[in-house]
Amino acid sequence: MANVAVLGYGTIGAGAVKVVQTNAKIIEKRAGQAINVKHILDLRDFPGDPNEDKVVHDYSVIENDEDIDVVIECMGGTEPAYTFVKKALLAGRSVATSNKELVASHGAELIQIARDHKVNFLFEASVGGGIPIIRPILTCLSAEDIEEVSGILNGTTNYMLMRMEEAGCSFEEALKEAQEKGYAELHPEADVEGYDACRKIAILTSLAIGQQVDYEDIPTEGITSITADDIKYATIMGRKIKLLGSSKIRGDKVYAMVAPFLVDEKHPLAGVTDVFNAIFVHGNMVDDTMYYGRGAGSLPTASAVIADVIDCVKHFGKNIRIYWKPEKKELSDWGEFSRRFFVRVREDVSNADIQDAFGKVDMITLGGYKEKAFVTESIREDEFKAAAEKIGELINVIRLEG
Ligand code: HSE
């Protein structure tokens, strides 16, 4: 029997215990031995909870218990999660985590420590919740030169954009609805400003190229500037507005960004609605692939955590190689990347001035609006910025994808 300790008895930690206990029989067959939750670390008590006798408040109980084989970390944030996980690995215990902040900030180092101690540090649940994406990149696509990873990595904002389209409501109304439904995180800025998606695309990009990408280097825009009017324009253009974490890899150059994009309706990501997440990966041999499912929530995320625990148990004494060099990759400047842009300007900006600044454009007309809107040809981002400065104040700009 393998004994596990769960750090954090919140949404994901409680889900992890439930998955282990509900699916005990099938998990035992697949892991080759039973998995037993021995301790649960949390600051709180849980009177009446069927697992209340397992709750401890001091990490040293877990640290000093020789029976613990695998630590499940579901605390979130970097500290004390980092300290506890590092101690566990150094003590020869494998770790499964759902913690994107921990993986984005310390993933490469923790993978190395796990390798040095012939244990495992696995983190399938840290991106895309219950969606298999880490293992597909590391295993199924390991023969690929990955050229793009782009994803809808945040369910809350995807839900909000869907409601803005369906109900024609404002950003504020959609956020209120998302909060009422319990989708938005404690601090909605992590979702709506794109910070959550930023950490996730940093992890995926690091894995795709096998080298550390610092999330702080990734230009990040959220959806706070998106209005119901932008969504109306998107609809007449046959596009959907989606918050994407996107990395385009061109040889040694990596262009990573989080921003709202006008995605062509034919693009596989365009049909991903509600709180669902999806990750599109393009490899040079396999072509386009996509991974879809619930990117958050207690049981979907916990299911991925426990799959990692099973992998740890199946590989006791053996490290599963994960290629993620700790040396930081310098990201390339998006300024040199070319794409089309959708632009809204005041009605009194002349067509001649628009053409003078941006070159040939396609005008987009939405009846009843006292403004002008257009789509540029494919131009470099730095050229776009220079052109936009000639016009002065823009009502809004959204990049096109596909
Ligand atoms: N707040 C996140 C989302 C869930 O809405 O997708 C966890 O990463």
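Notes on the structure in this doc start here. (Residues numbered from 1 in each chain as written. Predicted model: local features only at pLDDT ≥ 70, side-chain atom pairs only at ≥ 80, totals over all residues. Heavy atoms only, no water.)

### Focus on the pattern of salt bridges
So, point 1. Under the criterion given, the structure shown has 29 salt bridges.
So, point 2. Linking lysine 38 and aspartate 65 is a salt bridge whose minimum nitrogen-to-oxygen distance equals 2.8 Å. Taken as a pair, lysine 38 in strand 2 (residues 35-41) and aspartate 65 in the loop between helix 3 (59-63) and strand 4 (68-73) lie far apart in primary sequence, 27 residues in all.
So, point 3. Aspartate 311 serves as the salt-bridge partner of arginine 135, at 3.2 Å between the closest nitrogen and oxygen. Within this pair, whereas arginine 135 is found in helix 6 (residues 134-140), its partner aspartate 311 is found in helix 12 (residues 298-314), the two being separated by 176 residues in sequence.
So, point 4. A residue is classified by how much of its surface remains accessible, and arginine 135, at 27% relative accessible area, is partly exposed. (Salt bridge = Lys/Arg side-chain N within 4 Å of Asp/Glu carboxyl O. Helix = DSSP H or I, 4+ residues; strand = E, 2+ residues; numbered from the N terminus. Buried < 20%, exposed > 50% of the residue type's maximum accessible area, 1.4 Å probe, protein only.)

### Some details on the sheet that holds strand 19 (residues 396-401)
So, point 1. Taken in spatial order, the nine strands make up an open sheet running 12-11-7-9-10-19-15-17-16, and their pairing is mixed. Each edge of the open sheet is held by one strand with a lone partner, namely strand 12 (287-294) and strand 16 (361-364). Averaged over neighbouring strand pairs, the angle between their axes works out to 30° when direction is ignored.
So, point 2. Bridging between strand 11 (residues 276-283) and strand 12 involves eight bridges; their strand directions are antiparallel. (Pairing = 2+ DSSP bridges. Axes fitted to C-alpha atoms, helices over the stretch in contact; angles between N-to-C directions.)

### Side note on the nonpolar core
So, point 1. Core analysis: the largest hydrophobic core is formed by 114 residues, its most contacted members being Ile35, Phe121, Phe123, Leu204, Ile306 and Phe342.
So, point 2. Leave out the neighbours within four places in its chain, and isoleucine 35 touches Ala2, Val4, Val20, Ile27, Val309, Ile310 and Val313.
So, point 3. Counting 15 residues, the second largest nonpolar core, distinct from the first, contains Leu244, Ala259, Ala270 and Trp334. (Core = buried A, V, L, I, M, F, W, Y, C linked by side-chain atoms within 4.5 Å. Contact = heavy atoms within 4.5 Å.)

This is a description of form; function is not addressed.
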